[in-house]
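Reading the structure
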Amino acid sequence: LKLQFLYLIARLHTMSHTDPHHVDELFKEVVSKDFLKFTFGTSSYADQIGRAVAKTGQRCAITVTVRTLPSGQEYVCMAHNFGFLGGSLGCAEGEKLVRGFEYAQKHKLPAVILCKSGGARMQEGTLSLMQMAKVSVAVAQQRRMQLPFVTVLLDPTYGGVSASYAMQSDVRMSIQDARIGFAGPQVILNTMYEMNQQKYDSECPAEFQSAQFLENHGQLDIVLPFAKDKELDKAIDNALMDVFKVLLGGRQVVAGATKAPAQPKANASSDYTKSRAISRPQAQDVIASVFDSWTELEGDGRVGSDRCIRGGLAIFKGTRCVVIATCKGHTPSKMKEANYGMPAPPGYRKALRLMELADRFALPVVTFVDTCGALPSFEAEKVGQSEAIATNLVAMSQLKVPIVTVVLGEGGSGGALGIAMGDRIAMMSNAYYGVISPEGAASILGRYKNDAHKAEQFPKDCRTLATAQNIYATQLKELGVIDEILWECDGKEEETYKSFPGIQADIENFITRSLESLTAKTADEIVAGRYDRFRGMGKFDVGGAQPEASDAPESPLGTPMAKVAAQQGAGAAVKYEMEPSPKAAPAKPAPAKPVPPPANKLLEHIAAETVCGERSAHNEAWPFTGKIAPPCPADVLAEPATSYPKAAPKYAKKILDEEGPEALAKWVRAQKNVLVTDTTMRDAHQSLLATRVRTTDILEAAKETQKVVGGQPGFFSMECWGGATFDVAYRFLHECPWTRLREMRKAMPDLCFQMLVRGANAVGYKSYPDNTIYEFCRLAAENGMDIFRIFDCFNDVNQMKVCIKAVRDAKKVAEVCICFTGDFLNKNEKVYTLDYYKNMAKEVVAAGAHMIGVKDMAGLLKPSAAAPLMKALREGAGNDIPIHFHTHATSSISIASVLAMARAGCDIVDTCIASMADGTSQPSLNAFLADLETAEDPLWPGIRYLDLERLDQFWARLRSWHCPFESGMLSGSARVYDHQIPGGQYSNLLVQCKSMGLEARWGEVCDMYRDVNQLFGDIVKVTPSSKCVGDLALYLVQRQMTADDVRTRGHLIEYPASVIDMMAGRLGYPHRGFPEDIQKIILKNVKPLPRGNRPGDSLPADDFEAERKRLEERTGAAVKNEEVISSILYPKVFGDYLDFNDEHSDVTVIESPVFWYGMTIGQSTTLDHPSLGGKATVTLKRVGPLGKGSIRVVEMSVTKACGTTEVHNVKVKDMSCADANTGPMADPDNACEIGSPMGGNVENVLVAEGATVEQGDKIAVVGAMKMEVDATAPFKAKVVKLHAAKGAKVAEGSLLAVLEKL
């Protein structure tokens, strides 16, 4: 009763707003009902219905009326009222729609639905979903009765309405900017983008879910301009009248007097290029001139639109019909819009939809053809170009209505035939119609000596082949392919698209006569006649029978041609004319196939880097703005300088070699000026470019460096080896660090070489036996090293003593370091005070240091701290020992710190070439020298800063080659005083972040680094302890954990192997030890080494001869001492290096841009290698398309020194097209499924299927960059199945193994 009362009030309110076109509402008795007693929150469905009734005066969201158009045509109108529960589709709405269709069918009326809805009604559950199917059966019945059904999609139309009857109509209309779709934007945002609005906005297509968007994607036929109220009603009425006047009326018979066929006005054309003249009348021009009315319908009704094939509903001299045409356009923009007259699959599917519409409503089809062929594109093939054309051919063969075709210009191949299976076909006299374009035929059949010959002969061959293939109108009429020729005027009388009354009259005459003859036939007669027409086309031999002699001319290719066309007619027997069988020519021996050149490992490597390289142009990761790398750095040094300084009688290298390290130390202390060390070749590129500068580039700089500073007394040393350069050379550069050292020594004989050695860790990240440390230092000295900068990551002098002894025994310089950290100027600093550094200086001198190095690895020393620090160091070390200061420019204050240290009495300072300075590197050598030189400061080392300009330019260019490895710092940051990340680690840590997908969270990583340092007890952070802090910081950020989580639930996770080793004391201990609670959490059941003991004391000596024997068995060759020690220091890394060389050969001969980025098409590079016969020029010609198994063929030409050129086709598996991790994921709730602790590569699998493991046993090791994490057994278990092999790429959580608990 309440609902009825509200309904009456609302109806009284709206009675004055009646529609003049409709009769009383039908089926008012059908009303919405709360049959589920649905309630959610504070509102029941019954209450919602009541409010909707009060608001709209309706008891259902659908109203059904019979309306009358201004033309007098009645139709059943079913309209959604969005005010009634969003126009949603419920059971009452579905019932009224079906009744509306049944009323239309009973009274033989068109049906129209005005859609405006949010979709199916949730409050009525699954039965509301079923209304989509219920209305669909009514739509199908409307279609079977050949009654028009039109939908108008208003704003908005979503969900179940858009996914059912809104898109099931014969014609779909909408208005501009109406919102239409299945899933609303909010649903997509929530479901697919997890409410990431920024990502949704960036990926959302233009005009998404608007009427224009749907029209562009083929789902709407007509989009009306935006209008409101009466103007909108008027626009809809006009559109409906245009549609109904063609679709209504049934079968037609055209009768009346017609003109005779047109007579020839000129000679038949033998120039196919006339068909392409842009001034010719095209299909769109003919349609506008020939037809009385034309309503274009857009789209294929599914997913695509095509502006080449256009079609719609038309009236031709009173005859209702469907028109389909290929269009081109007369302006560049229109031609581009129409794909230059080449139809795409959506165009053919649009034509198919229109043909089916014509068949349903008994409308003849008129087609106009003017296309060079179907669109030859990747996208067209992807969405089914062949299928679209093929489907049309079958559909046309079965149409029960007449098809009349006019070839207006080009009739190119199957692209034309896709709309041209006419019962009657006419062709303009200057048109052509063929299986392939003349140019296409000549490209396949023609043979040319060179480009000049081709330029001359190709046009002639095209004309010859056009005639030979019988593509012209007179030839095709004789062959029976076409029925009539529509003659065109040539010369002054030639008609253009601006005015073509003669052509128009002939086309109208042909269509009229064709429709007269064809509409008189029954549907069956039309289909049968079409069968006979196309069944009879063709000429061939039967069984080798010899026909009568033929006087037909021969084609240029020597093939006899047909004499007359096959004769055929409806219902008549088809006659075939047989051609004479050519006499068999004697078989010629097949030419020998060229033997491809043998596979070349270097070329295979370059091809793989070109296709799969993470920075390659092919992968759209080319870091440079142009197609080639920046200019070669060596070009800067190509011309010798005008002058170089002369060597002095005494300088550091000469003194060391002739008098020994003690004499060198004494000489350094005697200098009044400060001495400089250049770190460009080691720490600068390690800090800025992740240590990625290769030996070949360093040697170019080395030659100039020797000329500029070699033998100069103010230049103390070149830091060029050790630290991360050792393992990175093997690991990423695939080159030998020992070879680099020897080659640099040859290039810079007058410079002291300086290296960084990590005490008991050598150049590794763990402690090694004493004999290994000693042997490594001995070999380094033997290969050319002079000054060993020795440090320990916890400032433990005992950890450096073996290294110090080895260096002293080799008669080289032991520069023993004190790693600087903390801030003793801060009153809250309790650990790293001035007394701490004073006592450290005493210990270092007592251990045998020739010099003291102050290693400020994070750039924490402020200028104001220089004098107090130097005073404390002198108090601890005395006045006889030189002090050498090293810092980083991370905070931007380091140049001032270096000057302050020099003025406070520091003997040597570290700087680097200006173009490699600052950021996380060292301060600028150029700037440091310029300041002292210009001021005539007595501290000036005597090196002119302008003498370094050529080197500066060289390194600037070289740095540009390495831009992807940059640290990412665009400026200095005082934040370093907070996170304390060492400069040498900064760029490497950032590269690790990128490889793990954490680049966007770099700020979090910096904060986590700080927090982990505090978790460990505020330790000295320098390799390898800094690496341990970084590894855990990255690991925790990746796992969405905090440092505090280690305390609360750290026992539940696995830790990087480096962190476990450090906590177990395998790197030694900080002077205060580690926090015991953290140590226990991380180590779990691992027993730590006792504090106070050196790790080396408990390590057995390495067996060098056993390792040598193993390597010789592996390589089959004699093994050098350097290779033995490298394998012991880095067994896996060195083994991988040997494997790489076996597989790829010596890649050091590849120039750096090609090594890092692969090649671009057309690029050439020079390689000098025995496998190529010495020096050769390699040019990349092509990277082929993706083939089976993700294989691409890379074509490269190799021109050798002798002048011969080989073409190598290298097959490469494109790994960028393969999913990096295709395996299953571990169930986090199933402890028997062991998942990968992080993303990366499986470095090793340590168990076999069927093995028994104890709690804590390692199952596999997963690595990413230089970080490794163990996956361990959570309990005693049996290994049931292994899911990841060694080398496999895995994501975090990838299933590694399945266990069975014992």
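Predicted model only: the values in this text are computed from it and were never measured.

**Concerning the sheet that holds strand β26 (residues 1164–1169)**
Across the sheet, 4 strands lie side by side as β26-β27-β28-β29; this open sheet has antiparallel pairing. For this open sheet the edge positions go to β26 and β29 (1205–1213), each flanked by a neighbour on one side alone. Recorded for the sheet is a direction-independent mean angle of 35° between the axes of neighbouring strands. Here helix α21 (residues 601–612) sits on the sheet in contact with β26, β27 (1174–1183), β28 (1191–1200) and β29, set at roughly 50° to β29.

**Side note on helix α24 (residues 680–689)**
In terms of burial, α24 is a largely internal element, 10 of the 10 residues being buried. Just past α24, the residue A690 takes up positive phi, approximately 55°.

**Observations regarding a nonpolar patch on the surface**
A cluster of nonpolar residues, F35, L36, F38, F40, L127, L129 and M130, forms a patch on the protein surface that exposes about 680 Å² of accessible area. Looking at which element gives the most residues to the nonpolar patch, the answer is helix α4 (residues 125–144), with 3 residues. Inspection of the secondary structure assignment puts L36 in the loop between α1 (2–14) and β1 (39–40). Among the residues examined, L36 registers a relative accessible area of 45% and is labelled partly exposed.

**What to know about the side chain of S1236**
Considering the arrangement of structural elements, one finds S1236 in the loop between β30 (1233–1235) and β31 (1240–1245). A polar side-chain atom of S1236 sits 2.5 Å from the main-chain carbonyl oxygen of M1238. With near-sequence residues (within four places) excluded, S1236 lies in contact with V1262, V1290, A1291, E1292, G1293, S1294 and L1296.

**Quick word on the environment of A1176**
With respect to the secondary-structure elements, A1176 resides in strand β27. As for A1176 and C1202, which are separated by 26 residues in sequence, their C-alpha atoms are 9.1 Å apart. With near-sequence residues (within four places) excluded, A1176 lies in contact with T1165, T1166, L1167, V1198, T1199 and K1200.

**Points about unusual backbone geometry**
In this chain, D155 is followed by P156 through a cis amide linkage whose omega measures 0°. Mapped onto the secondary structure, P156 falls in strand β6 (residues 149–158). Following T1023, the chain continues into P1024 via a peptide bond in cis, with omega recorded as 5°. Relative to the helices and strands, P1024 resides in the loop between α37 (1002–1015) and α38 (1025–1038).

**Focus: the environment of L925**
Structurally, L925 can be placed in helix α33 (residues 925–934). Here the alpha-carbon distance between L925 and D1103, two residues 178 residues apart in the chain, equals 44 Å.

**Re the confidence of the model for the protein chain**
On average, the protein chain scores 89 in pLDDT, and the residues at 70 or more come to 93%. Segment residues 1–22 is flagged for pLDDT under 50; beyond a separation of four residues in sequence, or across chains, it makes 26 contacts in the model. This model gives residues 547–584 a pLDDT under 50, and the stretch forms 66 contacts once residues within four places in sequence are excluded.

**Brief notes about the nonpolar core**
Ranked by internal contacts, the top residues of the largest apolar core, which has 217 residues, are F776, W955 and F1016. In terms of residues, this core owes the most to one element, α38, which gives 8 residues. Every residue in contact with W955, bar those within four places of it in the chain, is listed here: T680, M681, V693, I698, A701, I913, S915 and M916. Residues V30, C77, C327 and V401 belong to the second largest nonpolar core, which totals 123 residues.

**Digging into the packing of aromatic side chains**
Taken as a whole and assessed by the stated rule, the structure comprises 31 aromatic pairs. Measuring from centroid to centroid gives 5.4 Å for F208 and F213, while their planes differ by 75°, and the two rings are edge-to-face. Look at F208 and you get partly exposed, because its relative accessible area is 28%. Plain terms: the ring middles of Y986 and W1002 are 5.1 Å apart, the flat faces sit at 75° to each other, and that makes the pair edge-to-face. Of the two residues, Y986 is situated in helix α36 (residues 983–995) and W1002 in helix α37; the sequence distance between them amounts to 16 residues. Comparing Y986 with W1002 shows no difference in burial state: the two are buried.

**So, the side chain of D370**
Relative to the helices and strands, D370 resides in strand β13 (residues 365–371). Of the polar contacts made by the side chain of D370, one reaches the side chain of K328; its length is 3.1 Å. Reaching out from D370, the side chain makes a polar contact with the backbone nitrogen of E410 at a distance of 2.9 Å. D370 has contacts with S275, Q282, T326, K328, G341, L408, G409 and E410, leaving out every residue within four places of it along the chain.

**Focus on the state of the cysteines**
Taken as a whole and judged by the stated rule, the model has 0 disulfides. Free cysteine C752: the closest other cysteine sulfur is in C720, separated by 10 Å. Exposure remark for C752: the relative accessible area of 1% places this residue in the buried category. Free of any disulfide, C803 has its nearest neighbouring cysteine sulfur in C777, separated by 3.3 Å. With a relative accessible area of 0%, C803 lands in the buried category.

**Looking at the pattern of salt bridges**
Tallied over the full model, the rule gives 77 salt bridges. E508 is paired through a salt bridge with K317; the nearest N and O atoms lie 3.5 Å apart. Of this pair, E508 sits in helix α19 (residues 501–519) while K317 sits in the loop between β11 (309–316) and β12 (319–326), placing them 191 residues apart in sequence. Note that K653 and D786 form a salt bridge whose closest N and O atoms lie 2.8 Å from each other.

**Regarding the sheet that holds strand β20 (residues 753–757)**
Pairing in this closed barrel of 8 strands is parallel, and the strands run β18-β19-β20-β21-β22-β23-β24-β25 around the ring. Put simply, the sheet's adjacent strands are angled 30° from each other on average, direction ignored. Pairing of strand β23 (residues 851–855) with strand β24 (residues 883–886), which is carried by 4 bridges, proceeds in the parallel orientation. Following the sheet pairing, V854 is matched in β24 by F885. Taken strand by strand, helix α27 (residues 737–747) contacts β19 (715–722) and β20, and its axis lies near 160° from that of β19.

**Concerning the packing of helix α3 (residues 91–106) against α4**
For the pair α3 and α4, the least separation of the axes is 9 Å and the interaxial angle reads 5°. Between α3 and α4, the angle is such that the two are roughly parallel. Contacts from C91, G94, E95, L97, V98, F101, A104 and Q105 in α3 reach L127, Q131, K134, V135, A138, V139, Q141 and Q142 in α4. Of the residues assigned to the contact of α3 with α4, the class counts are 9 nonpolar, 5 polar and 2 charged.

**So, the pairing of β27**
Direction of pairing for β26 relative to β27: antiparallel, over a ladder of 6 bridges. In the sheet register, S1164 faces β27, and the bridge partner there is T1179.

**Remarks on the environment of P1131**
With respect to the secondary-structure elements, P1131 resides in helix α44 (residues 1131–1144). Residue P1131 is classed as partly exposed on the basis of its relative accessible area, which comes to 47%.

**Quick notes on the packing of α36 against α38**
Put simply, α36 and α38 touch, their axes get as near as 11 Å, and they point 25° apart. Between α36 and α38, the angle is such that the two are roughly parallel. In the crossing of α36 with α38, the sense of the turn from one axis to the other is right-handed. Across the interface between the two elements, Q985, L989, Q992 and C993 from α36 touch S1026, K1027, G1030, D1031 and L1034 from α38. Among the residues making up the contact of α36 with α38, the classes are represented as 3 nonpolar, 4 polar and 2 charged.

**So, helix α34 (residues 949–961)**
Look at α34: 19 Å from first C-alpha to last across 13 residues, which is about the 18 Å you get at 1.5 Å a residue. Looking only at α34, the buried set comprises R950, L951, D952, F954, W955, L958 and W961. Looking at the packing, one finds that the buried side of α34 touches α24, α25 (695–709), α33 and α45 (1152–1157).

Rules of the game
Residues numbered from 1 in each chain as written. Predicted model: local features only at pLDDT ≥ 70, side-chain atom pairs only at ≥ 80, totals over all residues. Heavy atoms only, no water. Pairing = 2+ DSSP bridges. Helix = DSSP H or I, 4+ residues; strand = E, 2+ residues; numbered from the N terminus. Axes fitted to C-alpha atoms, helices over the stretch in contact; angles between N-to-C directions. Contact = heavy atoms within 4.5 Å. Buried < 20%, exposed > 50% of the residue type's maximum accessible area, 1.4 Å probe, protein only. Patch = residues over 30% accessible without salt bridge, like charges linked within 9 Å, V, L, I, M, F, W, Y side chains within 5 Å. Areas by Shrake-Rupley, 256 points an atom, 1.4 Å probe, with all protein chains shown as cover. Salt bridge = Lys/Arg side-chain N within 4 Å of Asp/Glu carboxyl O. Polar contact = N/O pair within 3.5 Å; in protein donor to acceptor, adjacent residues only side chain to side chain. pLDDT = per-residue confidence, 0-100. Core = buried A, V, L, I, M, F, W, Y, C linked by side-chain atoms within 4.5 Å. Phe/Tyr/Trp six-rings, centres within 6.5 Å; stacked < 30°, edge-to-face > 60°. Disulfide = S-S within 2.5 Å. Parallel < 35°, antiparallel > 145°, perpendicular 65-115°, else oblique. Nonpolar A, V, L, I, M, F, W, Y, C, P; charged D, E, K, R; others polar. Left-handed = near helix turned anticlockwise from the far one by under 90°. Expected span 1.5 Å × (residues − 1).

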